[in-house]
2 protein chains.
Amino acid sequence: MVQYSAKLDSAFGALADPTRRGILERLGRSDAAISDLAKAFGITLTGIKKHVGVLETAGLVTTEKVGRVRRCSLGPRRLDDETAWIAAYRRMLEGRHDRLGEFLERTREKR
Amino acid sequence: MVQYSAKLDSAFGALADPTRRGILERLGRSDAAISDLAKAFGITLTGIKKHVGVLETAGLVTTEKVGRVRRCSLGPRRLDDETAWIAAYRRMLEGRHDRLGEFLERTREKR
């Protein structure tokens, strides 16, 4: 997992904020201008630009200047590595749980 | 998802660091003393305590003082809400993809 380390850091960091998760959910429905996002979340343009910047650095959002409007859309990253890390972690937890189950089973048989 | 907001913030924040993800992977294999973790990750006791503190606040790690040793183990939380959020997000992305596919299909039929 080492080569994904910096990507995981920035993506999980980006997800650690309710407004940024909200922006991703919103952009999942359709692309939006920065100003629309500011209105939707009731925060300043400066505030929303900061959040979009964090999401852009993490590769979860792309922005493009169209005339005087900056449009935001999802991608190019799609939380694939983050899903893989969490899935691997949960498989490990389940494995541990299975081994605990086997241990308890063996212990019971000895009684 | 609002009621899980603070939990998601702290859990995703906790995952946004390679040492903290490493500690979770390590504790998935077996419980460990703080001093063992410091040795395993080659960082100071103060440094490892800070990371374990973040994981403990997020509910991902529990610590218990046993004599002079502070033992760390996983839980009580297991990334269930984080998995659910990411899964919901990906379902939305796939739905969007399907809708795009349907749109392209319809467009093709019109040609």
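As a reminder, the structure under discussion sits directly above these lines.
Quick notes on the rules
- Residues numbered from 1 in each chain as written.
- Chains lettered and ligands numbered in written order.
- Predicted model: local features only at pLDDT ≥ 70, side-chain atom pairs only at ≥ 80, totals over all residues.
- Heavy atoms only, no water.
- Phe/Tyr/Trp six-rings, centres within 6.5 Å; stacked < 30°, edge-to-face > 60°.
- Helix = DSSP H or I, 4+ residues; strand = E, 2+ residues; numbered from the N terminus.
- Buried < 20%, exposed > 50% of the residue type's maximum accessible area, 1.4 Å probe, protein only.
- Lys, Arg positive; Asp, Glu negative; His and termini not counted.
- Salt bridge = Lys/Arg side-chain N within 4 Å of Asp/Glu carboxyl O.
- Polar contact = N/O pair within 3.5 Å; in protein donor to acceptor, adjacent residues only side chain to side chain.
- Contact = heavy atoms within 4.5 Å.
- Buried area = accessible area lost by both parts, 1.4 Å probe.
- Pairing = 2+ DSSP bridges.
- Axes fitted to C-alpha atoms, helices over the stretch in contact; angles between N-to-C directions.

Caption draft 1: The packing of aromatic side chains, seen in detail. Taken as a whole and assessed by the stated rule, the structure comprises five aromatic pairs over all chains. Between Phe12(A) and Trp85(A), the aromatic rings sit 6.3 Å apart at their centres with planes inclined by 75 degrees, giving edge-to-face as the arrangement. Taken as a pair, Phe12(A) in helix H1 (residues 5–15) and Trp85(A) in helix H5 (residues 80–110) lie far apart in primary sequence, 73 residues in all. Of the two residues examined, Phe12(A) and Trp85(A), each falls in the buried class. A centroid spacing of 6.1 Å and a plane angle of 20 degrees characterise the contact between Phe12(A) and Phe12(B), whose relative ring orientation is stacked. Highlighted residues: Phe12(A) in helix H1 and Phe12(B) in helix H1 (residues 5–15), drawn from two different chains. Judged by its relative accessible area of 0%, Phe12(B) falls in the buried class. Pairwise contacts between aromatic rings join Phe12(A), Trp85(A), Tyr89(A), Phe12(B), Trp85(B) and Tyr89(B) into one cluster.

Caption draft 2: The side chain of Asp17(B), seen in detail. For Asp17(B), the position within the fold is in the loop between H1 and helix H2 (18–29). In this structure Asp17(B) is buried but unpaired, with Arg20(B) as the nearest side chain of opposite charge at 4.3 Å. In terms of polar contacts, Asp17(B) uses its side chain to reach the backbone amide nitrogen of Thr19(B), at 2.8 Å. Residue contacts for Asp17(B): discarding those within four places in its chain leaves Asp9(A) and His51(B).

Caption draft 3: The arrangement of the interface of chain A and chain B in detail. Contacts between the two partners involve 31 residues from chain A and, on the opposite side, 32 residues from chain B. On the chain A side of the contact with chain B, Arg21(A), Tyr89(A) and Arg96(A) bury the most area, a combined 19% of that side's loss. One can count four salt bridges joining chain A with chain B. Among the salt bridges present, the one from Asp9(B) reaches Arg21(A), with a minimum N-O distance of 2.9 Å.

Caption draft 4: Spatial organisation of the sheet that holds strand E1 (residues 32–33) of chain A. All names here are of chain A. Taken together, the three strands give an open sheet; going across it, the order is E1-E3-E2, and neighbouring strands pair in antiparallel fashion. Taken across any chain shown, the strands that pair with only one partner, and hence form the sheet edges, are E1 and strand E2 (61–66). The strands touched by helix H2 (residues 18–29) are E1, E2 and strand E3 (69–74); relative to E3, the strand with the most contacts, the crossing angle is about 90 degrees. Relative to the sheet, helix H4 (residues 45–57) contacts E2 and E3, its axis offset from that of E2 by approximately 120 degrees.

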